[in-house]
Amino acid sequence: MNTTNKFSLLILMGFLTITSCGKKDPATGGEPADPIETTTEGEGVAAPVAVENVLVIEGNDQMQFNTKELRAVAGKPITLTLKHVGKIPKEAMGHNLVILQEGTDESAFAVKANEAKATDYIPESEKASIIAHTKLLGGGEEDTIEFTIDKKGTYNFICSFPGHVAIMKGVLIVE
Ligand SMILES: [Cu+2]
């Protein structure tokens, strides 16, 4: 009787091992599907950080801009702030920032600007050469302007106050 019981137990155990092994196969087959799904979700996250067209430039009592180079992205609104960080009033140390069209003769423009005291040195006759300009500022003042440049390129900017263009100039690189 004892031996018969042992045999039947062995048979039963053998049966159980076979069935459990058979069940494992579909389970392991289903596992690889999950990691694939997670990787696809992760790929969509990598997006480049947008460049903001916010520019700030300072002019001082030493007749200098604090930078000779500004950079912006083409086709998107540019916000530019000019700050006069000095103390001298605009009649003696006025600063503005005038962005000129490509190919503008700076010296010729400056000659016309010198004659345009009534319009804060923004010459009416040269309006076609001006992309954008700030107000004329005295010490402690600031002005913010908004404009958009669609065409990529390197645009000269100057301060058109008499005598300042020799030192107060730089480039706006639009990419
Ligand atoms: Cu100036």
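All values derive from a computational prediction rather than experimental measurement. The numbers attached to residues start from 1 for each chain and follow its sequence in the written order. Reporting in this predicted model follows two pLDDT cut-offs: at least 70 for local features of residues, and 80 or more for side-chain atom pairs to be given and counted; totals over whole chains, interfaces and linings ignore these cut-offs and use all residues. Heavy atoms throughout the structure, all of them, feed into the side-chain values; hydrogens and water do not.

## Here we look at the coordination of the copper ion
As a benchmark, a tetrahedral metal site with four donors has ideal angles of 109.5 degrees, while an octahedral site with six donors has ideal angles of 90 or 180 degrees. Counted as coordinating are nitrogen, oxygen and sulfur atoms within 2.8 Å of the metal, or 3.2 Å for Na, K and Ca, while water is not included, which may make sites look incomplete. Protein coordination of the copper ion is provided by His95 (ND1), Cys159 (SG), His164 (ND1) and Met168 (SD), with donor distances spanning 2.1 to 2.7 Å. Geometry is assigned from donor-metal-donor angles: four donors are tetrahedral when every angle falls between 85 and 135 degrees, four are square planar and six octahedral when opposite donors sit over 155 degrees apart with all other angles between 65 and 115, and any other arrangement is irregular. Around the copper ion, the 4 donor atoms are arranged such that angles at the metal cover 82 to 131°; this shape is classified as irregular. Between consecutive donor residues of the copper ion, the sequence gaps follow H-x63-C-x4-H-x3-M. Residue His95 is located in the loop between helix 3 (90-93) and strand 4 (98-100), and its partner Met168 is located in the loop between strand 7 (153-158) and strand 8 (169-174); the two are separated by 73 residues in the primary sequence. Only protein chains enter the accessibility calculation, which uses a 1.4 Å probe; a residue whose area is less than 20% of its type maximum is buried, one above 50% is exposed, and one in between is partly exposed. When its relative accessible area of 0% is taken as the criterion, Met168 is described as buried. Strands here are runs of E lasting at least two residues and helices are runs of H or I lasting at least four, both read from the DSSP assignment and numbered beginning at the N terminus.

## Focus: the sheet that holds strand 4
Spatial ordering of the open sheet is given by 2-8-7-4-5, a layout of 5 strands whose pairing is mixed. Single-partner strands in this sheet number two, and they are strand 2 (69-72) and strand 5 (130-133). On average, adjacent strands in this sheet sit at an angle of 25° to one another, irrespective of strand direction. As defined by bridge partners, strand 2 adjoins strand 8 across 4 bridges and the pair is classed as parallel. Bridge pairing links Glu69 to Val171 in strand 8. Should DSSP find at least two bridges between two strands, the strands are regarded as paired. Axis definition: a line fitted to C-alpha atoms, over the contacting stretch in the case of helices. Angles run 0 to 180 degrees between N-to-C directions.

## Description of the pairing of strand 3 (residues 78-84)
Counting buried positions over the 7 residues of strand 3 gives 5, a clear majority of the element. Pairing geometry for strand 1 (residues 54-59) and strand 3, over 6 bridges, is parallel. Paired with Ile57 across the two strands is Leu82, which belongs to strand 3. The sheet contact formed by strand 3 and strand 6 (residues 142-147) spans 6 bridges and is antiparallel. Its bridge partner lying in strand 6, Ile78 is registered against Phe147.

## Structural notes on the side chain of Asn96
Looking at the element boundaries, Asn96 is found in the loop between helix 3 and strand 4. Look at Asn96 and you get buried, because its relative accessible area is 0%. Polar contact criterion, stated in full: a pair of N or O atoms within 3.5 Å, where within protein one must be able to donate a hydrogen and the other to accept it, and residues adjacent in sequence count only if both atoms are side-chain atoms. From its side chain, Asn96 meets the backbone nitrogen of Ser160 in a polar contact 2.8 Å long. Not counting chain neighbours up to four residues away, the residues in contact with Asn96 comprise Phe65, Leu82, Asp120, Ile122, Thr134, Lys135, Leu136, Ile158, Cys159, Ser160 and Phe161. Between two residues, a contact is recorded if the distance between any of their heavy atoms is within 4.5 Å.

## Concerning the packing of aromatic side chains
Two rings from Phe, Tyr or Trp (for Trp, the six-membered ring) form a pair when their centres are within 6.5 Å of each other. A pair whose planes differ by under 30 degrees is stacked, one over 60 is edge-to-face, and the rest are tilted. Here the structure, examined in full by the defined rule, presents 2 aromatic pairs. Look at Phe65 and Phe157: their rings are 5.5 Å apart centre to centre, the planes differ by 70°, and that puts the pair in the edge-to-face class. Taken together, the residues Phe65 in the loop between strand 1 and strand 2 and Phe157 in strand 7 connect sequence positions 92 residues apart. The same class applies to Phe65 and to Phe157, which are both buried.

Limitation: the analysis is restricted to geometry and does not speak to function.
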